[in-house]
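Spelled out from the first residue to the last, the chains are:
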Amino acid sequence: RSAVGVIGFCLFFLFIDRLCPLSLQRLNYSTVVVASDGSVLSAYLSKDEKWRIKIRREDIPENLKKAFIFKEDKYFYYHRGINIIALARAFFQDIKARKIVSGASTITMQVARMLNPEHRTFFNKFKEIFRALQLEKHFSKEEILEMYFNLLPYGGNVEGLKAASLIYLQKKPVDLSPAEIATLIIVPNNPNHFKLGVNNPTIVTERDEWLKRFGKAHLYKQSEINQALTEPLVAKRGSIPKNAPHFCNRLLQKLKDENYIQTNIEFNTQKRTQQVLSDYMQKLSL
């Protein structure tokens, strides 16, 4: 009977999977024009008016990936989208409270929710579980992680780890320190409470708690943790670079569907040239 039940569920899942395919409409990105060394010359909002700069799998540092998985979903590589034990525990907690107080969301479930944001209800939780199963069926674990890092909310119209790293910390993800990684890990859980550049002291308190947990789990050397605990948080919302604006605008018109537009422009030479021209224009106006 159990075998028949499993087969029946699988057939039902395949039927619904075909009937209600996944929507990946939110996975559209900002167009970024880069210099010869990979530095950002200019960037443009995505179609849905977000700063969502695509981070590719090969650009995600391993220590950053491990830290996120440790905090959000330790069994990410061992489940098929849902953690049955955690879900059962959360289900009884929610029933007792008569509302959703614990979602027990895996990273895959979080991706499903970020792809299709809806109010937190019991019905929508079941939809989220189904969508998570779909994601695991159609995509690899690394592809799901890539979606996750590109959809994380960081407040306002900033989404995704790379956009947050560039806008708030003025760094590429590969250059982030352990303290900065811990900072970017906690913000998506409550972007309104952990506002980068506004509530930095609150963020530091939470950041330090997680750094200590990372130390106990040996994600980093203790010397790195000790240094990270003393590191000040200087995050604030900055602006996206606007170098060679006329050139970049012309490229955007021709290649507006590209995530990245590679150029041969030397970043430092371009900045120096722009500064010389700016200084000269200022003198002429006097």
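Criteria and cut-off values
Residues numbered from 1 in each chain as written. Predicted model: local features only at pLDDT ≥ 70, side-chain atom pairs only at ≥ 80, totals over all residues. Heavy atoms only, no water. Helix = DSSP H or I, 4+ residues; strand = E, 2+ residues; numbered from the N terminus. Buried < 20%, exposed > 50% of the residue type's maximum accessible area, 1.4 Å probe, protein only. Axes fitted to C-alpha atoms, helices over the stretch in contact; angles between N-to-C directions. Parallel < 35°, antiparallel > 145°, perpendicular 65-115°, else oblique. Left-handed = near helix turned anticlockwise from the far one by under 90°. Contact = heavy atoms within 4.5 Å. Nonpolar A, V, L, I, M, F, W, Y, C, P; charged D, E, K, R; others polar. Salt bridge = Lys/Arg side-chain N within 4 Å of Asp/Glu carboxyl O. Polar contact = N/O pair within 3.5 Å; in protein donor to acceptor, adjacent residues only side chain to side chain. Patch = residues over 30% accessible without salt bridge, like charges linked within 9 Å, V, L, I, M, F, W, Y side chains within 5 Å. Areas by Shrake-Rupley, 256 points an atom, 1.4 Å probe, with all protein chains shown as cover. Lys, Arg positive; Asp, Glu negative; His and termini not counted. Charge placed at Lys NZ, Arg CZ, Asp CG, Glu CD.

Caption draft 1: Inspection of unusual backbone geometry at higher detail. If you check the backbone angles, Q170 has positive phi at about 55 degrees while not being a glycine. Along the chain, Q170 falls in the loop between α7 (161-168) and α8 (178-186). Phi is positive for A244, close to 45 degrees, though the residue is something other than glycine. Relative to the helices and strands, A244 resides in the loop between α10 (222-229) and α11 (245-254). A residue is classified by how much of its surface remains accessible, and A244, at 8% relative accessible area, is buried.

Caption draft 2: Just the packing of helix α5 (residues 122-138) against helix α6 (residues 141-151), in detail. In contact at an axis separation of 8 Å, α5 and α6 are set at 125 degrees when each is read in the N-to-C sense. Classified by the angle their axes make, α5 and α6 are oblique. In the packing of α5 onto α6, the handedness of the crossing is right-handed. Contacts between α5 and α6 involve L135, E136 and H138 from the first element and K141, E143, I144 and M147 from the second. In terms of residue class, the contact of α5 with α6 is built from three nonpolar, one polar and three charged.

Caption draft 3: Summary view of the pattern of salt bridges. Overall, the coordinates contain 16 salt bridges when judged by the stated rule. Between E159 and R52 there is a salt bridge, with its nearest N and O atoms 2.9 Å apart. In this pair, E159 is assigned in strand β4 (residues 158-159) and R52 in strand β3 (residues 51-52), connecting sequence segments 107 residues apart. A single burial state applies to E159 and to R52, both of which are buried.

Caption draft 4: Layout of the side chain of S177. Structurally, S177 can be placed in the loop between α7 and α8. On the accessibility criterion, S177 (15% relative accessible area) is buried. Within the local environment of S177, its side chain forms a polar contact with the side chain of E231, the two groups lying 2.9 Å apart.

Caption draft 5: Up close: the side chain of K71. Here K71 lies in helix α2 (residues 62-72). On the basis of relative accessible area, K71 is assigned to the buried category, the value being 17%. Within the structure, the side chain of K71 is placed 2.8 Å from the side chain of E72, a separation counted as a polar contact. A polar side-chain atom of K71 sits 2.4 Å from a polar atom in the side chain of N189. Discounting residues that sit within four places of it in the chain, K71 has contacts with I185, I186, N189 and W210.

Caption draft 6: Here's a closer look at a positive patch on the surface. Judged by side-chain charge, K74, K212, R213 and K216 come together as a positively charged surface patch. Position of K216 among the secondary structure elements: in helix α9 (residues 200-216). Its relative accessible area of 71% is what places K216 among the exposed residues.

Worth remembering: the numbers are spatial, not functional.
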